[in-house]
Amino acid sequence: NVQGAALHPRSGELWTHAIGMAAGSRLLADRVGPGLGEAAYAAGMLADIGMLALDSLLQEEAIPNMNARTSPTVDLESQYLGIDHATLGAAVAKRWNLPSLMVDAIAHHHHPSEGGAANKLAAVLHVADAVLVKNGIGAGQDTSNYLIEPAALEVVKVKAEEFETLFASITPLIQAAKSSLNG
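Here, residues in each chain are numbered from 1, in the same order as that chain's written sequence. The predicted nature of this model means local features are confined to residues of pLDDT at least 70 and side-chain atom pairs, given and counted, to a pLDDT of 80 or more, with totals for whole chains, interfaces and linings taken over all residues. As a rule here, side-chain values come from all non-hydrogen atoms in the structure, and water together with hydrogens is ignored.

1. So, the overall build of the protein
Each helix and strand counted, the protein has 9 helices and 0 strands in total. Numbered from the N terminus, helices here are DSSP runs of H or I no shorter than four residues, and strands are runs of E no shorter than two. Scanning the protein from its N terminus toward the C terminus, one meets helices and strands in the order α-α-α-α-α-α-α-α-α. Type-normalised accessible area, obtained with a 1.4 Å probe on protein chains alone, sets the label of each residue: buried when under 20%, exposed when over 50%, and partly exposed for intermediate values. Residues counted as buried form 49% of the 183 residues belonging to the protein. Expressed as a percentage of contacts within the protein between residues at least 6 apart in sequence, the contacts between residues at least 24 apart total 64%. A total accessible area of about 8800 Å² is found for the protein, and carbon and sulfur atoms account for 53% of it. In this analysis, two residues are considered to be in contact whenever any of their non-hydrogen atoms come within 4.5 Å of each other. Working definition of accessibility: Shrake-Rupley area with a 1.4 Å probe, residue cover restricted to the visible protein chains.

2. Regarding the pattern of salt bridges
Note on definitions: salt bridges are taken to be side-chain nitrogens of Lys or Arg within 4 Å of carboxyl oxygens of Asp or Glu. Applying the stated criterion across every chain yields a total of 2 salt bridges. E38 is the partner of R26 in a salt bridge, and the nearest nitrogen-oxygen pair spans 3.1 Å. Pair noted here: R26 is in helix α1 (residues 13-32) and E38 is in helix α2 (residues 37-46), with a separation of 12 residues, a long-range link. Residue class for R26 comes out partly exposed when judged on its relative accessible area of 33%. Under the relative-accessibility criterion, E38 is labelled exposed at 55%. Salt-bridge contacts for R31 lead to E162; the nearest nitrogen and oxygen are separated by 3.4 Å. With R31 in helix α1 and E162 in the loop between α8 (150-156) and α9 (163-181), this residue pair connects regions lying 131 residues apart in the sequence.

3. As for helix α7 (residues 119-134)
In this model, α7 (16 residues) spans 22 Å end to end at C-alpha, consistent with the 22 Å of a helix rising 1.5 Å per residue. Most of α7 sits out of view: 13 of its 16 residues are buried. Residue G136 follows α7 closely and has a positive phi angle near 90°. Expected span of a helix: the number of residues minus one, times 1.5 Å.

4. Observations concerning the packing of aromatic side chains
In summary, the pairing rule links any two rings of Phe, Tyr or Trp, Trp by its six-membered ring, whose centres are within 6.5 Å, and it sorts them by plane angle into stacked for under 30 degrees, edge-to-face for over 60 and tilted for everything else. Per the counting criterion, the structure on display carries 0 aromatic pairs. Any Lys NZ or Arg CZ found within 6 Å of a ring centre and within 35 degrees of that ring's normal is scored as a charge over the ring. For the cation-ring pair, R26 lies above Y41, with the distance from its terminal atom to the ring centre recorded as 4.0 Å.

5. Re the side chain of H85
Its location among the elements puts H85 in helix α5 (residues 85-95). N or O atoms closer than or at 3.5 Å make up a polar contact, with two conditions inside protein: a donor-capable atom paired with an acceptor-capable one, and, for residues adjacent in sequence, both atoms drawn from side chains. At 2.9 Å, the side chain of H85 and the side chain of D48 are in polar contact. Residues within four places of H85 in sequence aside, it is in contact with A47, D48, G50, M51, L54, V74, E77, H109 and H110.

6. Considerations on the packing of α1 against α7
Their axes nearest at 8 Å, the elements α1 and α7 cross at an angle of 125°. Taken together, the axis directions place α1 and α7 in an arrangement best described as oblique. Every pair of crossing elements has a handedness; the one defined by α1 and α7 is right-handed. On α7, the residues that touch H17, G20, M21, G24, S25, L28, A29 and V32 of α1 are K120, V124, L125, V127, A128, D129, L132 and V133. Angles here are taken between N-to-C directions and fall from 0 to 180 degrees, while the axes themselves are lines fitted to C-alpha atoms, restricted in helices to the stretch in contact. When an angle is under 35 degrees it counts as roughly parallel; over 145 it counts as roughly antiparallel; between 65 and 115 it counts as roughly perpendicular; any other value is oblique. Here a crossing is taken to be left-handed if its near helix is turned anticlockwise relative to the far helix by less than a right angle, and right-handed if that turn runs clockwise.

7. Some thoughts on the nonpolar core
What we call a nonpolar core is a set of buried Ala, Val, Leu, Ile, Met, Phe, Trp, Tyr and Cys residues that are connected through their side-chain atoms within 4.5 Å. In this structure, L28, V124, V127, V156 and V158 are the most contacted members of the largest nonpolar core, which totals 40 residues. Of all the secondary-structure elements, those providing two or more residues to this core are α1, α2, α5, α6 (100-107), α7, α8 and α9. Looking at this core element by element, the count peaks at 11 residues for α7. Discounting residues that sit within four places of it in the chain, V124 has contacts with S25, L28, A29, V32, L36, A40 and V156.

8. Here we look at the packing of α1 against α2
Closest axis-to-axis distance for the α1/α2 pair is 7 Å, and the angle between their directions is 160°. Relative to α2, the element α1 lies roughly antiparallel. As α1 runs across α2, the sense of the crossing is right-handed. Contact with α1, carried on its side by W15, A18, I19, M21, A22, A23, S25, R26 and A29, involves G37, E38, A40, Y41, G44 and M45 of α2 and no other residues of that element.

Have a look at this one:
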C-alpha cells in the first residue's frame, strides 16, 4: 500500500472520510440549491475512490516522506505517480457508468473551478473535504497544506470561520452512519 498516504484504507480512515464526505456534501448541497443533495451524497462517498485504487496498485512507498509533505497530496501524487487520486477516481466512476456530473465532480474535487458543468458539485465536495481535513479526518499528520479555492467557498456560501460549526454538524452524521452499518 502507499506508505504515509493521508488516508489508510486498511485502517478505516478512508471509510470514515468517505462517510464524512457523503454526509457533509449532502449538508452543504442544501446551501447551493435544491436537487443536488443525493448526487452530492453519492459523489462525496466516492470522491476518494482513487486512493483505494492507488493503494491496491502500489505495494511499496511510492511517495517518499508523505507525512512530512510540503505540497498538497494531489500534487505529490501527480509528481511521483503521474496521476492523482481524483483523476484515477474519476476514471473508475466513468468505467462504472456513473453520470458525467459525478465523474467530473470527482475529477475536480480538489480544483472545483476547473469542473465545468460540474463546478457546483465539485465545490460542494471540495468544501466538505476541507472541513473534514481541517478537523483531522483525512489529513494524516498535516492539515496546513490543503489549499481551499476561495471561489468554492463562494459557491457553497461558506466562510472558513464556519468550518468548526459545520464539522460539529457533520460529526453526528458520521456516527449515525457508522452505527447503522455496524448493526
